[in-house]
Amino acid sequence: MTTRLFGERVQRLEDERLLRGQGRYTDDLGNGALECAFVRSPFAHARIHSINATAARALPGVVAVYTAADVPFGDLDLPLLIPHPQLTHPRTQKCLASSIVRYAGEAVAFVVAESRYLAEDAADLVEVEYEPLPAVVTPERSAKAENLVHADVPANSAADVTQAVGDVDSALARASHRLRRRLRLERSAAQPLEARAVWARWDAVEGRLTVYDSTQSPTSIRGGLAVLFGLPETSVEVIAPDVGGGFGPKIMLFNPDELLVPYAAMKLGRPVKWTEDRREHFTAVTHERAQVHEVDFGFDDGGKLLALDVDFIHDAGAYTPYGLILPIITAAQLPGPYRVPNYRVRFRDLYTNCTPTSPYRGAGRPHGCFVIERVMDAIAAELGLDRAEVRRRNLLQPGDFPYSVGTMWQDGGMAVYDSGDYPELLRLALERLGPKPEGDNIGLGLAMYVEGTGVGPYEGAHVQVLVSGKVVASTGIPTQGQGHATVFAQVVADELGVSVEDVTVTSGDTRRFPWGVGTFASRGAVMSGNAMANAARAVAEKAKRVAAEHLEADAADLELAGGEVRVKGSPGRSLPLAVVSILSNPLRYAFGGGDEIATQFQPRPRPGPPLAEGEEPGLEATGYYSPSPGSTWAGGCHAAYLRVDPKTYRLEFLKYVVAHDCGRVINPMILEGQIQGGVAQGIAGSFYERLLYDEEGQLRNASFMEFLMPYATEIPDVEMVHLETPSPLNPLGIKGAGEAGTIPVAAMLASAIEDALGVRIDEMPLNPNRLFELTR
Amino acid sequence: MKPPVFEYHAPASVGEAISLLGSLAEAKVLAGGQSLVPLLNFRLARPAHLVDINRLAELTKIYERDGGVAVGAVVRQAEAEVDPLLRERCPLLPLALRLVAHPVIRNRGTVCGSLAHADPASELCAALLVLDGRVTARSQRGERVIAAADFFRGTMDSVLEPDELLTEAWFPATAGPVAIAEEARRHGDFALAGAARAGDRLALFGVATRPLLADPADPTRGLEPSSEPECSPDFRLHLVKVLVERVMQA
Amino acid sequence: MIVNGIERPEASDPRRLLSDYLRHDLGLTGTHVGCEHGVCGCCTILFDGRPVRSCLLLAVQARGHELATVEGLAQPEAPMHPVQQAFKECHGLQCGFCTPGFLMATVAFLREFPDPSDAEIADAIAGNLCRCTGYANIRRSVRRAAELSRQA
Ligand SMILES: Cc1cc2nc3c(=O)[nH]c(=O)nc-3n(C[C@H](O)[C@H](O)[C@H](O)COP(=O)(O)OP(=O)(O)OC[C@H]3O[C@@H](n4cnc5c(N)ncnc54)[C@H](O)[C@@H]3O)c2cc1C
Ligand code: FES
Ligand code: FES
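**Considerations on the packing of helix α6 (residues 218–229) of chain A against helix α7 (residues 256–268) of chain A**
Residues and elements named next belong to chain A.
Right, on to step 1. In the contact formed by α6 and α7, the axes pass within 11 Å of each other and the chain directions differ by 55 degrees. As judged from the angle between their axes, α6 and α7 are oblique. With respect to the hand of their crossing, α6 and α7 are arranged in right-handed fashion. Contact with α6, carried on its side by I221, L225, L228 and F229, involves E258, L259, P262, Y263 and M266 of α7 and no other residues of that element.
Right, on to step 2. Split by residue class, the contact of α6 with α7 holds eight nonpolar, no polar and one charged.

Put into structure tokens, the structure is as follows:
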């Protein structure tokens, strides 16, 4: 295999279209469709006594108003996406609530009108009579269970799971030092700049449903819609066109709109579109992050961690459609890059009257990282040791792989780290960081992380060389800005010896590739990247077989390069890939454009049928990649110098360094963009953003005026050092990188602020106000 | 987030504008729209009529009068920010304007709209107060000039009557040192607290329901800031001291 | 009203936002909508040459004015505008949703500040949110755009 594109800073192929304003996001499509608005619960917890839509239905321009009673799936519980044997009390919401609402923003009725303006007018006219019930807001209050979110879920607990490695109790008892901490993270949200949108058309003649959805998983939406509407899955197509950011919540399905919009389109016989606005995005789309950890740990005089006992509660929100994934991930990889010989972790997944949670960039990992890194800093502080030295003494060594943490992983197997060199990552980060600048109130922040990436079950890809010699490739997973069109083109171009501009990648369109899982958990590059390589390799093999016949050479002596199939070592003997593509499809009719050479009336170099035994027409192939249970494990170290203004408590980043290892890198430019963006989201979540619920369960800051997403002025440039330890688990040796930027930021900032101000940090996010209080 | 139904009026003269305001019930003036349109989009404001003053050429001037500078109701914040006359006579105003939102917002937002909107954290309201400026309000009932000290009543509340159009604001020229400082969470945000100084006069903003004059020697006297998630009363008082120190050193 | 040099019909529904009018009535969907309350900057267009938020204007207010959107920066067959080119070279976009807003703000900014300092760049783009890039490459893109524009 030639490796000229793999590893190169290839400029993105998708950019020009986006830069010219020719992007195609869901709301850009479907002009003239009916538009919709939801009636949403203003209460966090209430009984619904009645819903009266008479006035709304009578408003001119209103086409339909649906309540639960009006739709056949009104009483259906939306699916539990990821069941788990220890999820003893799963609950999912109904498409439209009819008896009880359990969070402010829960959908109650759905209006379809000639325009969104009219739909909002009508939504204002729907009268719902509520009887407010007591709201359970924080995870701590939920744990007290003074009030229940679901009357039939005792203690508000969806699950209570304990795992243990070694003998924690006796190791704690024996340890020469023992400390306790209570570490708290608040609720936050991903907030992609494009909110969600769904547009559906029903073709009554063909009996075909086509849905455009700003989703991270079109293949799953397709499967679900087919089942729900009783259609053959071959009659349902779901397309994620350009998606304006995802970061996790767009992997959630089904959202009520994903059923109601297609339903309305089928029922009304007109295209229907719903575009979420920012206000509803704040409460209707899943959140994450709130977790409270009680940590008890013991260590020896040298700073070696001997035992770690963590008991944490996860704020699940009102329902658990995404199962236990978030607390499972925290629990599984909390020990991070360190050897923790005795580890016990218990979590409870608790219901609250808030928006449900699902993974948001990092997905439970920032929490685990925060806990273990706070532990490392606490050990250093207690023993008066250097913080880097304490980490060095506890890190796993390069010879320790594969390393089993002893906890269960999100794919149902055990968490086993495949490869890495953590001491080297720490060294690289500190080396690049350099000496501490002069001045007061400057802190050194340090945090290391691991990230299980590239979980299965599988992804696939289809690659085809067109008769023009251009290549089209497709995969089921959609892109939300990660540059799939470029990195997959690089992989394919390498295998086929063509230039990257000749490869057009389509992703997230079930018409082009119907199989797959979704874009999440930093799995796109690993899963679809390897599937692309497999498919392209199969195409290359076929090209050689077809060309061998015509070049009268042995296929083994051929190679693909420069857009040709050629005989190695004899430059004159070659066939352009375009010609091979034509030859791969024996024809009866010639259409011009060179394909007369493929007609059955042309003399052929070999006897036998035009299509050789076992061969299929067309220069195309499908490839899949499905790893055995287990993940590739990326890792890294964030280090920074930070100044805290002693008067205003603003942060000033003097230097921010990321040393990271995500195996072999397909495109460093894109990777660095992912990391910079991840760090920005981490800083945002650690010092600017939070979701402020009041006692009644009202989200108090549901706007960009008050949810303080940082601007360019708040985010520093990040310096990066790459280390590549190839993953042994997949042919390309890659590990995922989508979340690496975000995971350790909260831990790193806590470490830096603690160092700068000399106050202990046990919580995130912080803000100047809180730092002021802590220093009093 | 789409505006509710309203009737739209685009008068061509000030006279026409005030007669519309005098005759229509539940009418609102639309100036730069940078505060009003978000309120419409959230449906937090539901006026029956909008009187768009953006076509009133009469109100687009910045000119000298009575030992100060008058700024018409349709003067954009961005225009005032770079206006040579204001820079020379009322240098506090351009300084304050640079702290208002972002350049793109200032391209549309008006100086007078900011005053009429009376946000307690508004830099311009504090500037008007510390400079001891005035505004002119016109209605079918006549014209009145209101001193800054009498203009602001409470959170987004001024003495302006619904039928009145604020036609211009007047800022006296200053000779002594001027300065303005604020602390906001993000660049361009409304301030958690702010201080504006003109000579030995000091005004605070973002710390009460309206801008307040304060004693530079004891700026927090009598202040009872409310508690907000990003800012406890103690932190606010602390910030006031930090900011006052900063502006008094200028 | 003139949009990207072409005379367009006036809007009739007074409450229609200019952003919706451009996107859905004129089909100029390059202007994006991320918040509809003036904070994100995705909807930034040029109004008589100056960048403004189209979500905070009523379409009827555009009568008699000249507007420019991202689609007007370069003709479909022509090379990209230097600012567009710079964003491509510097990987200044990921999902691309915020990008048209950044482009329009940058185009207007560089007309006024052809050789900007880093602080001026930060101020100029600080009214636009981007959730993907973490801004470093956007800052680079603006710097590069200034270079390319000066060469052009
Ligand atoms: C993202 C963002 C950030 C912002 N940050 C800041 C900030 O940091 N500091 C700050 O001060 N402001 C800030 N603003 C508000 C901005 O400055 C507004 O432009 C200003 O407050 C209102 O001016 P306007 O011309 O846009 O008025 P409009 O929005 O048109 O009107 C506001 C109110 O005043 C009334 N009104 C306006 N003009 C008149 C008049 N001539 N006569 C009678 N009534 C009138 C209107 O009826 C309405 O009630 C921000 C806005 C946004 C969108
Ligand atoms: S959509 Fe206009 S600023 Fe966000
Ligand atoms: S590139 Fe996605 S929001 Fe900026």
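Past the structure itself, the notes keep going.
**A look at the pattern of salt bridges**
Right, on to step 1. Taken as a whole, this structure holds 92 salt bridges over all chains when the rule is applied.
Right, on to step 2. Two residues, A:R20 and A:E16, come together in a salt bridge whose shortest N-O distance is 3.1 Å.
Right, on to step 3. A residue is classified by how much of its surface remains accessible, and A:E16, at 31% relative accessible area, is partly exposed.
Right, on to step 4. Of the charged contacts, one joins A:R116 and A:D277 as a salt bridge, the two residues approaching to 2.9 Å between their closest N and O atoms. With a gap of 161 residues between them, A:R116 in helix α3 (residues 116–125) and A:D277 in the loop between β12 (272–275) and α8 (278–284) connect regions that are remote in the sequence.
Right, on to step 5. Through salt bridges that share partners, A:R40, A:R116, A:E120, A:D121, A:D124, A:D277, A:E280, B:R43, B:R46 and C:R15 make up one connected network.

**Observations regarding the nonpolar core**
The nonpolar side chains of soluble globular proteins are, as a tendency, buried together.
Right, on to step 1. In terms of nonpolar packing, the biggest core is built from 191 residues, with A:F297, A:L308 and A:Y656 touching the most fellow members.
Right, on to step 2. Among the elements that line this core, the one with the most residues is helix α17 (residues 745–757) of chain A, at ten residues.
Right, on to step 3. If near-sequence neighbours (up to four positions away) are discounted, A:F297 is found in contact with A:L172, A:H177, A:R178, A:L179, A:R180, A:R181, A:L305, A:A307, A:L308, A:V375, A:A378 and A:I379.
Right, on to step 4. In this structure, B:A96, B:A126, B:A198 and B:A203 belong to the second largest nonpolar core, which totals 55 residues.

**Quick word on the confidence of the model for chain C**
Right, on to step 1. A residue-level look at chain C finds 100% of positions with pLDDT of 70 or above and a mean pLDDT of 97.
Right, on to step 2. In the predicted complex, the global pTM is 0.96; the interface-specific ipTM is 0.98.

**Remarks on the site of ligand 1**
Right, on to step 1. For ligand 1, the set of nearby residues contains 33 residues, the closest of which are B:V29, B:G33, B:L36, B:T110 and B:E123.
Right, on to step 2. Around ligand 1, the neighbouring residues derive from chains A, B and C rather than from a single chain.
Right, on to step 3. B:K28 has a polar side-chain atom sitting 3.2 Å from an oxygen atom of ligand 1.
Right, on to step 4. Protein contact buries 96% of the 950 Å² of open area that ligand 1 shows by itself.
Right, on to step 5. Looking at the shell around ligand 1, the element that brings in the most residues is helix α7 (residues 111–117) of chain B, giving four residues.
Right, on to step 6. Here the shell around ligand 1 is composed, by residue class, of 16 nonpolar, 13 polar and four charged.

Here is what the cut-offs are and how they apply
- Residues numbered from 1 in each chain as written.
- Chains lettered and ligands numbered in written order.
- Predicted model: local features only at pLDDT ≥ 70, side-chain atom pairs only at ≥ 80, totals over all residues.
- Heavy atoms only, no water.
- Axes fitted to C-alpha atoms, helices over the stretch in contact; angles between N-to-C directions.
- Helix = DSSP H or I, 4+ residues; strand = E, 2+ residues; numbered from the N terminus.
- Parallel < 35°, antiparallel > 145°, perpendicular 65-115°, else oblique.
- Left-handed = near helix turned anticlockwise from the far one by under 90°.
- Contact = heavy atoms within 4.5 Å.
- Nonpolar A, V, L, I, M, F, W, Y, C, P; charged D, E, K, R; others polar.
- Salt bridge = Lys/Arg side-chain N within 4 Å of Asp/Glu carboxyl O.
- Buried < 20%, exposed > 50% of the residue type's maximum accessible area, 1.4 Å probe, protein only.
- Core = buried A, V, L, I, M, F, W, Y, C linked by side-chain atoms within 4.5 Å.
- pLDDT = per-residue confidence, 0-100.
- Near = heavy atom within 4 Å.
- Polar contact = N/O pair within 3.5 Å; in protein donor to acceptor, adjacent residues only side chain to side chain.
- Areas by Shrake-Rupley, 256 points an atom, 1.4 Å probe, with all protein chains shown as cover.

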